Amino acid sequence: KVKIATIGGGSSYTPELMEGFIKRYAELPIGEIWLVDVKAGAEKQAIVGQMAQRMWDATPYDVQIHTTLNREEALKDADFVTTQFRVGQLDARVKDERIPFSYGLLGQETNGAGGMFKAFRTIPVILEIVEDMKRLCPDAWLINFTNPSGMVTEAVLRYGQWEKVIGLCNVPVVAKMGEAETLGVPQADLIYKFAGVNHFHWHQVADKKGRDLTPQLIDKLYEESSGLPKNIFDVPFYKEQLQQMNMIPCGYHRYYYRFEEMLNHGLKEYATVGTRAQQVKAIEHELFELYKDPHLDYKPKQLEQRGGAYYSDAACETIASIYANKNTEIVVSTRNNGAVLDLPADCAVEVTAYVGGAGARNVAFGPLPTAERGWLQMMKSMELLTIEAAITGDYGTALQAFISNPLVPSGETATRVMHELLIAHKAYLPQF
Ligand code: NAD
Ligand code: G6P
Ligand code: MN
């Protein structure tokens, strides 16, 4: 039977993951699931561990949930390792978002200054996990959900020298769901093609006869937007811009294509309801009160308030597809291998792929339009610099990453933000 180890097991998303595994038990016969956390997350881990066990106990399947603070015992002989951890917990995210906003810059979990600092904290830990996997479960697949998901995947491939990794995000899942509804067509009848990097990709959609439905979808999305995760404020794109590129940008492109409006909205929220991290704390509190109920044995509806809703549709389907060699079409972060012509072959990209026993086989996208090629190459350079800084702790490299990030206006303000973040996160940045 299959052994799963989940790093960051105390996450409020764990019931989502359980639901996905329960749905797929017939093709993915799991025997045990190990939820790993650290001391700071032990309380959440205990609550969600019991909740997860109740979910399985309500099924005919005999699956054992183990909670542990000892990563090694969880990784030992695991078949799949899933990661959903947050170094420094939500308090660190509050700082990632609050400090840039307090200087008039965007504060966001995966974009701009906050996203780079999340990478600085997370990449050393993921590389430790990879080293553990080499010793304890050398045949396992690493299924990463931890943000910044694309950069984490890139670090595992490039510096961890670990090929059996797939990075995931729910943005493509939510987009496909919402857009099928908008088009009034079952999802199975649509053929999608995604290309870019995590939280910075575009897609096109066709019907089964190969007819391009992208122009029609652009029109309809302009009437009524759909497919956007809960955490992203909906400023509409410029329709003529989308028509010019004939692609649908991902939700996060708003931060780049409508920089001014997104920043102003963020600053307004910061001054009134607070950062997204603070809002998430409130949602999480409500969720854990529900999880404590000894009668609750299913994923509560309230989890849909989180931006990462439906993540199990990607994670559990990826695992089942590898295990049963299903060759399912899934959007994943993986090594490019030529699928995105405008980026190096050896870097990580987020693309449509067929996922089976040998991992992801990417669907080629072809060349990007002029503007998007430029954006994407700049974003990938920024990612590579961020990852290098995360590993070396080199100040100049971190500064280069900051200066090349389109959401960080260069100069004294940005440098001060970087210094303040370095100090605020000192405990989680031993490399600097
Ligand atoms: P969370 O704050 O609940 O953190 C999850 C758990 O990780 C916590 O219990 C925490 O104690 C634990 N943790 C921290 N450091 C750890 C370590 N070194 N080893 C093991 N466990 C550790 O976070 P969350 O809101 O549930 O999100 C979890 C992660 O998933 C975050 O990185 C978040 O950005 C990411 N996420 C990704 C997507 C996506 O689309 N890829 C969507 C939503 C969330
Ligand atoms: C989704 C993204 C994640 C993101 C998260 C935030 O949009 O795919 O990568 O970071 O939601 O959700 P939250 O509810 O934590 O703000
Ligand atoms: Mn994501």
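Just above sits the structure.
Participant: Could you give an account of the site of ligand 1, naming the residues involved and the relevant values?
Facilitator: Within the structure, ligand 1 sits among 26 residues, and Ser11, Asp37, Lys44, Phe85 and Arg306 are positioned closest to it. Take lysine 44: an N or O atom from its side chain is 2.7 Å from an oxygen atom of ligand 1. Contact distances for ligand 1 include 3.0 Å between a nitrogen atom and a backbone N or O atom of phenylalanine 145. When ligand 1 sits alone it has 850 Å² of accessible area, and the protein chains cover 95% of it. For the shell around ligand 1, the residue count by class is nine nonpolar, ten polar and seven charged.

Participant: Mind laying out the pattern of salt bridges, listing which residues take part and the relevant values?
Facilitator: According to the stated counting rule, one finds 32 salt bridges in the structure shown. Residue aspartate 346 is joined to arginine 158 by a salt bridge in which the shortest nitrogen-to-oxygen separation is 3.6 Å. Linking aspartate 346 in the loop between β10 (328-335) and β11 (348-356) with arginine 158 in helix α6 (residues 149-158), this pair joins segments that are 188 residues apart in sequence. Aspartate 346 sits in the partly exposed class, given a relative accessible area of 39%.

Participant: Please set out the pairing of strand β8 (residues 200-206) residue by residue, giving values where relevant.
Facilitator: In terms of burial, β8 is largely enclosed, as six of its seven residues are buried. Pairing between strand β7 (residues 191-197) and β8: seven bridges, direction antiparallel. Paired with alanine 195 across the two strands is tryptophan 202, which belongs to β8. The antiparallel pairing of β7 with β8 creates a hairpin that spans two residues between the two strands, and histidine 199 there sits at a positive phi of about 60 degrees.

Each value, and the rule that gives it
- Residues numbered from 1 in each chain as written.
- Chains lettered and ligands numbered in written order.
- Predicted model: local features only at pLDDT ≥ 70, side-chain atom pairs only at ≥ 80, totals over all residues.
- Heavy atoms only, no water.
- Near = heavy atom within 4 Å.
- Polar contact = N/O pair within 3.5 Å; in protein donor to acceptor, adjacent residues only side chain to side chain.
- Areas by Shrake-Rupley, 256 points an atom, 1.4 Å probe, with all protein chains shown as cover.
- Nonpolar A, V, L, I, M, F, W, Y, C, P; charged D, E, K, R; others polar.
- Salt bridge = Lys/Arg side-chain N within 4 Å of Asp/Glu carboxyl O.
- Helix = DSSP H or I, 4+ residues; strand = E, 2+ residues; numbered from the N terminus.
- Buried < 20%, exposed > 50% of the residue type's maximum accessible area, 1.4 Å probe, protein only.
- Pairing = 2+ DSSP bridges.

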